[in-house]
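Coordinates in review
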Amino acid sequence: DLFGGVPAIKRIGLDKYNYIREAAHGVLLRGGQPNATSFPQVIAMAASFNRTLFRKVGKAVGAEARYMQDVGVMWGDYLGRYGGLLLQFNVNLFRDPRWGRGQETPGESPELSSAFAEEYVQGIQTPLEGTTTPQAGASCKHFAAYSFEGGPTLLNRTESMRHTLPGQSNLSRHNEDAIVTRRDFRESYAKPFKACAKAKALGVMCAYNQVNGVPSCGSRKLLRRVLRKKWGFDGVVVTDCDSISDMYALQDFKATPEATIRAALAAGTDVACSPGFFQEIAKPQMNPLLTNAVKDALRVRFRLGEFDPPPPLPTWPDVSRGHAELALEAALQSAVLLKNDGRLPLQRNLRLALLGPLRNATEELLGNYQAWPVDVVSPLEGLKKVATVLTPGDEMKLCGNAPMPSRPDADAVIIVAGLTGDDPEVQDPDLRPKESKLCKGGCLEGEGCDRPNITLPRDQEELVRTAASWDLPVVLVLISGGALDISSVKDLPQLAGILWMGYPGEAGGSALAQLLVGDVSPSGRLSQTFYRNEYLQHVPMNDYSFPARPGYPGRGYRFVKDEWVLYPFGFGLSYDTFSYAWEQLNHPMDAVEAEEEDEGLRGCRLQLQVTSDGKSDTSVLFFLRPPSGNSGSLQKQLVHFERLHAARSHSVPVTFRPRDFRLFINDGDKAKRQLVTGTWTLEVNQPADLSHEIVVTEQGCSVGSAPILL
């Protein structure tokens, strides 16, 4: 039981410990020393489509956590003052663009999210030098199908249980029942967690919500049959904080507190995060179940070397060497260029008028679950290194009315606009829908706060319009986790460029400056769909279905048609021009060795040549489109991606196995994947730069000789 850590048991020499250490994009340290490195928020990092980067950042985060644990850092004033090495990060799918915590995730794609999960786990769990002991343990959250805040709710700390607030919404993450079909679970929600298990993650956090009427932390099916037995997970299962008391007080899962705790333990929950509910109610009669839970929990601590002779203690400069540079590199790779009318990059040493509510942002660049204090480079500080920067007008707030500035004496205008991922004025996330002005105004996305819409806040939009009337080139820089519908301003003639940076981390200002003057070209691609705001009118936030159906447009790039989309998943421009062509292979295209699950069917292979006159990085994304009429509403799916580093020519092989052409055709309880025969289309990037037909028969797949040029 913990809400800040398990106290020490001195009689057996067991030290105090916290099984829930947050480390989504850097170790969450509040007020302690040394300062943790703050990397870009996960939704931005994922936009790099760079597996190597995911692993490098994970390795850096794990190394910093290990050092802080070994030197006894007490984690400052953040909840959870005890140390620990089980590092939590969020791999839920960004199902709905309004979801406040989508910023913490790798986005909407099961394939990209799974790749991020696998690499980040392996990075965090990099063995200590000369040993097989992981430097830290990775724990994936929130299993399963969590992507809704709702609320508000109130935690009554004297009773250790949450309650709904009279006169407020009675539906929140604490009592929601996510209805998930067999198809949606297997095709979407399960995949990132399966990847975590495959990567041997040492932890999984079960979610607050119910799935099909059963609480996630009380589900034998999810925790034992699927997670442990089917996927082979053998780590520790921790709850989100107060999940077990929610099961009793808000979800009515069992008739008594005792029965609720017994059900959670029997289902496979090992560690309960609670301010007292579990400890107060647990009975000696539960000892066999408690013993199993203790074994799971301590097994992880043994694997992490807690009871081995301590390794040599390095210095902080040795541990953190290169991490600041890695944070900058991650920010550069994560930025997505949404518009360029040819006036970007800018020349150096121009007179730039810097406007917008985030022009001098520091902590706001980090997103949520952020370490603080951190040495952050603001947009203002960063741009001063490459230009003469003017800051006309009054400081502008994210929400609320603001006077518009007058035309400045400048060569160009930079507007830094968007949202914030945290509200320090309202720290209880479950009260934010009621008490946070930022949340109610649509300027906050974060834990406890879903957005009412996905538009740019009104005064920020008016600022863009005002600046675009000055006959000066304007660059709009967007700081946000979720999508922003900027359709009302994106085509303004003087809006020369639009750059989305997510929450770029501590090096955000430096990255912005380098990108704007062309030291580095933007190379990110959106890890989520940027929808038009009217799309929201057709998708209830509590509908967990991905496939489209009559009257329901579906969710995500795999199912939603273009009419609802402003910028598609995978979209991203560059300052350089890339050319794509299919290469002739020197070996048979169909000579792909099949695996057991493919039942000996034939696979196939293609090879793409990518050339450029510039020296910029890019990512290449491969999408498969099924034959029309046989897809169960599937439009396309990402099957492969690869990051290409600066070079004039690259060859990118892509291999297809028969299982890549198996799809769910229906949504019933017995839905199974079936081989879909016919002519499939392979597309390179979105919008497609090149395509190729692949013919699938009952014997497998084959490719013709002539690609389709678009």
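Scroll up a little and you will see the structure.
As the structure is a computational prediction, the values presented were derived from the model and not from experiment.

The next subject is the overall build of the chain. Each helix and strand counted, the chain has 17 helices and 29 strands in total. Judged by the C-alpha coordinates and their principal axes, the chain covers about 75 × 65 × 55 Å. With an accessible surface of roughly 26800 Å², the chain has 48% of that area assigned to carbon and sulfur atoms.

Moving on: the packing of aromatic side chains. Under the criterion given, the structure shown has 26 aromatic pairs. Here the aromatic rings of Tyr 557 and Phe 569 are separated by 4.4 Å at their centres, their planes lie at 15°, and the arrangement is stacked. Here Tyr 557 is found in the loop between strand S17 (530-531) and strand S18 (565-567), whereas its partner Phe 569 is found in the loop between S18 and strand S19 (578-582), with twelve residues between them in sequence. Of the residues examined, Tyr 557 reaches a relative accessible area of 4% and is grouped as buried. The buried category is assigned to Phe 569, whose relative accessible area is 1%.

Looking at the secondary structure, you find Ser 527 in the loop between helix H17 (508-516) and S17. Discounting residues that sit within four places of it in the chain, Ser 527 has contacts with Ile 43, Ala 46, Ala 47, Pro 106, Gly 107, Glu 108, Leu 112 and Phe 569.

Of all five residues in strand S2 (residues 86-90), five are buried; the element is thus mostly enclosed. Taking every second residue as pointing to the same face, both faces of S2 are buried, with Leu 86, Gln 88 and Asn 90 on one and Leu 87 and Phe 89 on the other. As defined by bridge partners, strand S1 (residues 21-22) adjoins S2 across two bridges and the pair is classed as parallel. By the bridge assignment for S2, Arg 21 is matched with Leu 87.

Turning our attention to the environment of Leu 14. Counting through the fold element by element, Leu 14 comes out in the segment before S1. For Leu 14, a relative accessible area of 13% puts it in the buried group. In this structure, the C-alpha to C-alpha distance between Leu 14 and Phe 307, residues 293 residues apart in sequence, is 9.2 Å. For Leu 14, the contacting residues outside a window of four places in its chain are Ala 8, Ile 9, Leu 298, Arg 301 and Phe 307.

The strand order across the open sheet built from five strands is S1-S2-S3-S7-S10, with neighbouring strands paired in parallel fashion. Edge positions in the sheet fall to S1 and strand S10 (236-239), since each has one partner strand and no second. Pairing geometry for strand S3 (residues 137-143) and strand S7 (residues 203-206), over four bridges, is parallel. Residue pairing across strands places Cys 140 opposite Val 204, the latter belonging to S7. Here helix H3 (residues 110-124) sits on the sheet and contacts S2 and S3; the angle it forms with S2, its principal contact strand, is near 160°.

Angle between the axes and distance between the axes: these two values describe a pair of packed helices. It is the contact of helix H8 (residues 257-267) with helix H10 (residues 287-303), at a shortest axis distance of 9 Å, that shows an interaxial angle of 45°. Accordingly, the angle class assigned to the pair H8 and H10 is oblique. Of the two possible hands of crossing, H8 and H10 adopt the one that is left-handed. Only Leu 289, Leu 290 and Ala 293 of H10 make contact with H8, whose side of the interface consists of Arg 262, Leu 265 and Ala 266.

This brings us to the sheet that holds strand S20 (residues 604-612). Strand order in this open sheet of three strands is S19-S20-S23, and the pairing throughout is antiparallel. Each edge of the open sheet is held by one strand with a lone partner, namely S19 and strand S23 (649-656). Averaged over all neighbouring strand pairs, the angle between strand axes comes to 25°, with direction disregarded. Pairing analysis gives five bridges linking S19 to S20, with the strands arranged antiparallel. Bridge pairing in S20 places Ser 579 opposite Thr 611.

What follows concerns the environment of Glu 395. Tracing the backbone shows Glu 395 in the loop between strand S13 (388-390) and strand S14 (412-418). Glu 395 sits in the exposed class, given a relative accessible area of 58%. Sequence-wise, Glu 395 and Phe 233 are 162 residues apart; in three dimensions their C-alpha atoms are separated by 51 Å. Here the side chain of Glu 395 touches Arg 359 through a polar contact of 2.8 Å, side chain to side chain.

The tally for this structure, following the rule as stated, stands at six disulfides. Residue Cys 399 pairs covalently with Cys 443 via a disulfide, S to S 1.8 Å. One disulfide, between Cys 399 and Cys 443, carries an S-S torsion of 115° and so falls in the right-handed class. Note that Cys 399 is positioned in the loop between S13 and S14 and Cys 443 in the loop between helix H15 (437-440) and helix H16 (458-468), a separation of 44 residues in sequence. Sulfur-sulfur distance for the disulfide between Cys 439 and Cys 449 comes to 2.2 Å. Disulfide Cys 439 to Cys 449: torsion about the S-S bond roughly 105°, handedness right-handed. Here Cys 439, found in helix H15, pairs with Cys 449, found in the loop between H15 and H16; they are ten residues apart in sequence, far enough to count as distant. Each of the two residues, Cys 439 as well as Cys 449, counts as buried.

The rules behind each value
- Residues numbered from 1 in each chain as written.
- Predicted model: local features only at pLDDT ≥ 70, side-chain atom pairs only at ≥ 80, totals over all residues.
- Heavy atoms only, no water.
- Helix = DSSP H or I, 4+ residues; strand = E, 2+ residues; numbered from the N terminus.
- Areas by Shrake-Rupley, 256 points an atom, 1.4 Å probe, with all protein chains shown as cover.
- Phe/Tyr/Trp six-rings, centres within 6.5 Å; stacked < 30°, edge-to-face > 60°.
- Buried < 20%, exposed > 50% of the residue type's maximum accessible area, 1.4 Å probe, protein only.
- Contact = heavy atoms within 4.5 Å.
- Pairing = 2+ DSSP bridges.
- Axes fitted to C-alpha atoms, helices over the stretch in contact; angles between N-to-C directions.
- Parallel < 35°, antiparallel > 145°, perpendicular 65-115°, else oblique.
- Left-handed = near helix turned anticlockwise from the far one by under 90°.
- Polar contact = N/O pair within 3.5 Å; in protein donor to acceptor, adjacent residues only side chain to side chain.
- Disulfide = S-S within 2.5 Å.

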